[in-house]
Amino acid sequence: MTSPPLTLEEAIKLHGHKGPWLILGYRAGLRACEVLNPKGYHSLHCVAYIPLKIPYTCSLDGIQASTGCTLGKLNIEIHRADVKDIRFIFINKENGKKLELRLNYDIVKEVIKGDMIKASKFVEERPLWELFKERLYD
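What you are looking at is a predicted structure, and each value in this text was computed from that prediction instead of being measured.

Undergrad: I tried to follow the overall build of the protein chain on my own but got confused; where do I start?
TA: Looking only at helices and strands, one finds 6 helices and 5 strands in the protein chain. Listing every helix and strand of the protein chain by position from the N terminus yields α-α-β-α-β-β-β-α-α-α-β. A principal-axis box enclosing the C-alpha atoms of the protein chain has dimensions of 40 × 30 × 25 Å. When burial is assessed residue by residue, the protein chain has 46% of its 138 residues classed as buried. In the protein chain, once contacts between residues fewer than 6 apart in sequence are set aside, the share between residues at least 24 apart is 75%. Computed over 21 positive and 17 negative side-chain charges, the inter-centroid distance for the protein chain is 3 Å.

Undergrad: Looking at this structure, I do not really get the nonpolar core. What am I missing?
TA: In globular proteins that are soluble, nonpolar side chains generally tend to be buried together. Counting residues in hydrophobic clusters, the biggest one holds 37 residues, and the most contacted among them are Trp 21, Ile 86, Phe 88, Phe 90, Leu 103, Val 123 and Phe 132. Elements with a contribution of two residues or more to this core: helix H1 (8–15), helix H2 (20–36), strand S1 (44–50), helix H3 (58–67), strand S3 (87–92), strand S4 (98–103), helix H4 (105–111) and helix H5 (116–125). Counting residues per element, this core draws most heavily on H2, at 9 residues. When near neighbours in sequence (up to four residues on either side) are disregarded, Ile 86 contacts Trp 21, Tyr 49, Ile 50, Pro 51, Tyr 56, Leu 101, Arg 102, Leu 103 and Val 108.

Undergrad: When you look at the packing of H2 against H5 in this model, what are you seeing that I'm missing?
TA: The relative placement of two packed helices is expressed as an angle between their axes plus a distance between the axes. One way to put it is that H2 packs onto H5 with a least axis distance of 8 Å and a crossing angle of 15°. With respect to each other, H2 and H5 are oriented roughly parallel. Here the hand of the crossing between H2 and H5 comes out right-handed. Across the interface between the two elements, Pro 20, Ile 23, Leu 24 and Arg 27 from H2 touch Met 116, Ala 119, Ser 120, Val 123, Glu 124 and Glu 125 from H5. Its residues placed into classes, the contact of H2 with H5 shows 6 nonpolar, 1 polar and 3 charged.

Definitions and cut-offs
Residues numbered from 1 in each chain as written. Predicted model: local features only at pLDDT ≥ 70, side-chain atom pairs only at ≥ 80, totals over all residues. Heavy atoms only, no water. Helix = DSSP H or I, 4+ residues; strand = E, 2+ residues; numbered from the N terminus. Buried < 20%, exposed > 50% of the residue type's maximum accessible area, 1.4 Å probe, protein only. Contact = heavy atoms within 4.5 Å. Lys, Arg positive; Asp, Glu negative; His and termini not counted. Charge placed at Lys NZ, Arg CZ, Asp CG, Glu CD. Core = buried A, V, L, I, M, F, W, Y, C linked by side-chain atoms within 4.5 Å. Axes fitted to C-alpha atoms, helices over the stretch in contact; angles between N-to-C directions. Parallel < 35°, antiparallel > 145°, perpendicular 65-115°, else oblique. Left-handed = near helix turned anticlockwise from the far one by under 90°. Nonpolar A, V, L, I, M, F, W, Y, C, P; charged D, E, K, R; others polar.

The following block contains the structure:
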């Protein structure tokens, strides 16, 4: 895919507001597309390990917007995880390559402090390597 299905602004409209968890999911999805280079909307699969409650589930809207992995196409799975173990695994179904993005717990602590506007700006401006520990599997 050469560009995400939705821009961040379109993702914000879809989700209803600009929040840090939406941005985290959106950025994770962009990174997965950059690294795994899926050829189409059915080539990528995502497995999300998150606490199954708001605001953590907002990351799913970001992933859906940036990757095209959607609940309707069944190419996104959701599994319960502890807040200290939030991670997204993206799989290129054409070649089997996998990218794991594990959210740094220090970022989680910063984001949940309270102010949504500050937290959104914080995660939008941070380099990816500060947000996620990245691991590529062949």
